[in-house]
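Commentary on secondary and tertiary structure
Okay, here's what each chain looks like letter by letter:
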Amino acid sequence: MPVDKVTQVAQTKPLHGEIPVYAQYTFGIAGEKFFRELKDNGRLMGVKCPECNLIYVPPRIYCERCFSELTEWLEIPNRGVVHTFTVSHIDLDGNRLKEPVIVALVKFDGVYGGLVHRLGRVEADKVSIGMPVEMVLKSKTKRVGSILDIDYFKPV
Amino acid sequence: MQRRVAIIGIGYTPFRPITPELSFKEMMFEAAQRAYEDAGVCPRRDIDAFVTCEEDFTHGRSIFNIHMPDNIGAVLKRIHTLPADGIYGLADAYMLINTGLVDVMAVESHSKASNMLTPNYLVAHAMDPVYNKPLAYNPYFIAGMEMNRFLCETGTTEEQCALVAVKNKANALLNPQAAYGDRITLDDVLDSEMMFHPLSRLEMSAPADGGIVMVLACEEKAYALSDRPVWVRGVGWCSDAPSLETRDWGKAVYAQLAGDMAYRVAGIGNPRLEIDFAEVDDTFAYKELQHLEALRLCRPGEAGLMVEEGGTLRDSELPVNVSGGSLGVGRLDEATGLQKVLEVVIQLRGEAGSRQLDDVQVGLAQSWRGLPANSGAVAILSNE
Ligand SMILES: [Zn+2]
């Protein structure tokens, strides 16, 4: 018996569905410490791998290069440079943004890694790779222990 | 024991923007049926093991790989399922046959992207849930940032990137299976909507549906079953750091190391001389250039110049993405890499019709797993 194929789009009837998946994301040892310092003291913290002489931001308890356990914490200056950036014109739903957002990877002096965040108080056409920027935090009462406790990075 | 491994059968459904008439399981069945016919094998009798490559959430389901065996003839047989690009499945089949564990194996991957109503969210939920996801940006910002850094480090221009899109969409016009063939100009690309500066809309591949199945066999079975085996001479794969913060933003290190491994396995010392043509990942136009450099198919920093001088056109010394690539064929989720392998096989068999390349013996296929991943695989194939 041959397979009869559908020849009319009107005869195709997709069933719509969704997956309600909810989860908690634990910060872990390194994340707890990083966000507690950010929230309570407005400080950026990193972790050093003495083997590789690398400082990790975001911090972690292991080195991705040599697999050492990392325990040496240190404060990171809140000024860095734009390693790369984009001007995003599209939101998560695929619609064009009225106000494009400038997203950047900010690297800190001597640090392996950095932070992905938005740039503020600057026009898109004034941003360049290598531009010095500094962290702007939300006021202490508004900080909850989240990457959004950082409001944005602004040009120095 | 080291045994040679050949691709002896290929089957695929056309790559289309939408496929409303088939379920993904029927699409897999059709591709498998064609591959087994092409190889002259019965899956129930002749195929020892199977591997499939896809991600369940792209199908709006969870743990969906339990539903893989029946539609490709693998029930009560050995099957393993990878949440990875199809070239990883090809590498698995290569290893299992090469080491003598199985003689004949099928590799499957497909895309049913048109069923996914919220594709951006799929990518967004793949990002680090603590450091990145709360920012709630459209995750393609990663591509814009990567392109910007690549341009900065290499001096490649936006025009050179745009030329990749012009070339690949034109190539796709000669590929009857490609969904997005088009005759466009450099200005069309540069004037298309700015999405994630400096990445414009026509430099981003659009999704397509399609299923691909391949049958691989050891040398003895390959000669018994096929009069046109295509040999898998080398495979390689690699993952760079997954985090956005520590990965390399200018270079495709994963592709460089995957290529180095594949070249070593294949015994290739000088890729520029020994590779006749390549299908490399072009999910975004700049990615083709970044990957050509990583794979040492041009001098460092010169991929843009090479494209500008026509050095990757279909009649040049190194035709790149003659199938149309992902920009011309459509991006096929985890089947993206297998589409590149497929084109290499078709070319090496001499079955590419009006897009057939003259006198080709060795082809390279390379995949990148797509956003936000930082990993990929390489396969080197030969008809000798
Ligand atoms: Zn280390």
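In the block above lies the structure referred to throughout.
The model shown is predicted, which means the values in this text are computed figures rather than measured ones.

This paragraph deals with the sheet that holds strand 2 (residues 54–57) of chain A. Residue and element names in this part refer to chain A. On the basis of which strands lie adjacent, the open sheet formed by four strands has the order 3-1-2-6 and mixed pairing. Here the strands that pair on one side only, and so sit at the sheet edges, are strand 3 (72–76) and strand 6 (112–113). For strand 1 (residues 44–49) and strand 3, the ladder comprises five bridges, and the chain directions are antiparallel. Across the sheet, the residue bridging to Met 45 is Glu 75, located in strand 3. With respect to the sheet, helix 1 (residues 28–41) is in contact with strand 1 and strand 3, its orientation differing from that of strand 1 by roughly 145°.

Contacts between the two partners involve 40 residues from chain B and, on the opposite side, 47 residues from chain A. In this assembly, chain B packs against chain A so that about 3,500 Å² is buried in total across both faces, 66% of it on carbon and sulfur atoms. Glu 30 of chain B serves as the salt-bridge partner of Lys 5 of chain A, at 2.5 Å between the closest nitrogen and oxygen. In this structure, the connection of chain B to chain A is made through 17 residue pairs in polar contact (both at pLDDT 80 or more). Of all the elements in the fold, those that place two or more residues in the side of chain B that touches chain A are helix 4 (119–124), helix 5 (141–154) and strand 5 (194–197) of chain B. For the side of chain B that touches chain A, the element with the highest residue contribution is helix 5 of chain B, accounting for six residues. Partitioning the side of chain B that touches chain A into residue classes produces 22 nonpolar, 10 polar and eight charged. Alignment of strand 4 (residues 79–90) of chain A against strand 5 of chain B, held across two bridges, turns out to be antiparallel. Its bridge partner lying in strand 5 of chain B, Ser 88 of chain A is registered against Phe 196 of chain B.

This part is about the sheet that holds strand 9 (residues 277–279) of chain B. All names here are of chain B. Spatial ordering of the open sheet is given by 3-2-4-7-1-8-11-10-9, a layout of nine strands whose pairing is mixed. The sheet is open, and its two borders are formed by strand 3 (78–82) and strand 9, each paired with just one other strand. With strand direction ignored, the average angle separating the axes of adjacent strands in the sheet is 25°. By the bridge criterion, two bridges tie strand 1 (residues 5–12) to strand 8 (residues 230–239) in an arrangement that is antiparallel.

Bringing the environment of Gly 301 of chain B into the picture now. Residue and element names in this part refer to chain B. Relative to the elements of secondary structure, Gly 301 occurs in the loop between helix 11 (285–294) and helix 12 (303–308). What makes Gly 301 partly exposed here is its relative accessible area of 28%. For the pair Gly 301 and Leu 122, spaced 179 residues apart in sequence, the C-alpha separation works out to 33 Å.

Bringing the coordination of the zinc ion into the picture now. All names here are of chain A. On the protein side, the zinc ion has Cys 49 (SG), Cys 52 (SG), Cys 63 (SG) and Cys 66 (SG) as donor atoms, found 2.3 Å from it. Donor residues binding the zinc ion come from one chain and are separated in sequence as C-x2-C-x10-C-x2-C. Here Cys 66 lies in the loop between strand 2 and strand 3 and Cys 49 lies in strand 1, a separation of 17 residues in the sequence. On the basis of relative accessible area, Cys 66 is assigned to the partly exposed category, the value being 33%.

Every α-helix carries 3.6 residues per turn, so stepping three or four residues along brings you back to the same face. All names here are of chain B. Given a rise of 1.5 Å per residue, 15 residues ought to cover 21 Å, and the 22 Å separating the end C-alpha atoms of helix 6 (residues 158–172) matches this to within 8%. Across the 15 residues that make up helix 6, a large majority, 12, are buried. Within helix 6, burial applies to Gln 160, Cys 161, Ala 162, Val 164, Ala 165, Val 166, Lys 167, Asn 168, Lys 169, Ala 170, Asn 171 and Ala 172. Where helix 6 is buried, its residues touch helix 5, helix 7 (186–191), helix 11, helix 12 and helix 13 (325–329).

Residue and element names in this part refer to chain A. Of all six residues in strand 1, five are buried; the element is thus mostly enclosed. Two elements, strand 1 and strand 2, share three bridges in a ladder whose sense is antiparallel. Looking at the pairing, Val 47 lines up with Tyr 56 of strand 2. From the end of strand 1 to the start of strand 2, which pair antiparallel, there are four residues, and Asn 53 there has a positive phi angle of about 55°.

Moving on, we come to unusual backbone geometry. Residues and elements named next belong to chain B. For the bond running from His 197 to Pro 198, omega is 5°, close enough to zero to count as cis. With respect to the helices and strands, the residue Pro 198 is situated in the loop between strand 5 and strand 6 (199–200). Of note in this structure, Arg 296 is not a glycine but carries a positive phi near 60°. Inspection of the secondary structure assignment puts Arg 296 in the loop between helix 11 and helix 12. Of note, the phi angle at Asp 359 is positive, near 55°, even though the residue is not glycine. Along the chain, Asp 359 turns up in the loop between helix 14 (336–349) and strand 10 (362–368). Given the relative accessible area of 65%, Asp 359 is considered exposed.

Let us look at the state of the cysteines. All names here are of chain B. Tallied over the full model, the rule gives zero disulfides over all chains. Cys 152 carries a free sulfur, and the closest cysteine sulfur to it, the one in Cys 161, is 13 Å from it. We classify Cys 152 as partly exposed; its relative accessible area is 44%.

The rules we used
Residues numbered from 1 in each chain as written. Chains lettered and ligands numbered in written order. Predicted model: local features only at pLDDT ≥ 70, side-chain atom pairs only at ≥ 80, totals over all residues. Heavy atoms only, no water. Pairing = 2+ DSSP bridges. Helix = DSSP H or I, 4+ residues; strand = E, 2+ residues; numbered from the N terminus. Contact = heavy atoms within 4.5 Å. Axes fitted to C-alpha atoms, helices over the stretch in contact; angles between N-to-C directions. Buried area = accessible area lost by both parts, 1.4 Å probe. Salt bridge = Lys/Arg side-chain N within 4 Å of Asp/Glu carboxyl O. Polar contact = N/O pair within 3.5 Å; in protein donor to acceptor, adjacent residues only side chain to side chain. Nonpolar A, V, L, I, M, F, W, Y, C, P; charged D, E, K, R; others polar. Buried < 20%, exposed > 50% of the residue type's maximum accessible area, 1.4 Å probe, protein only. Donors = N, O, S within 2.8 Å, 3.2 Å for Na, K, Ca; no water. Expected span 1.5 Å × (residues − 1). Disulfide = S-S within 2.5 Å.

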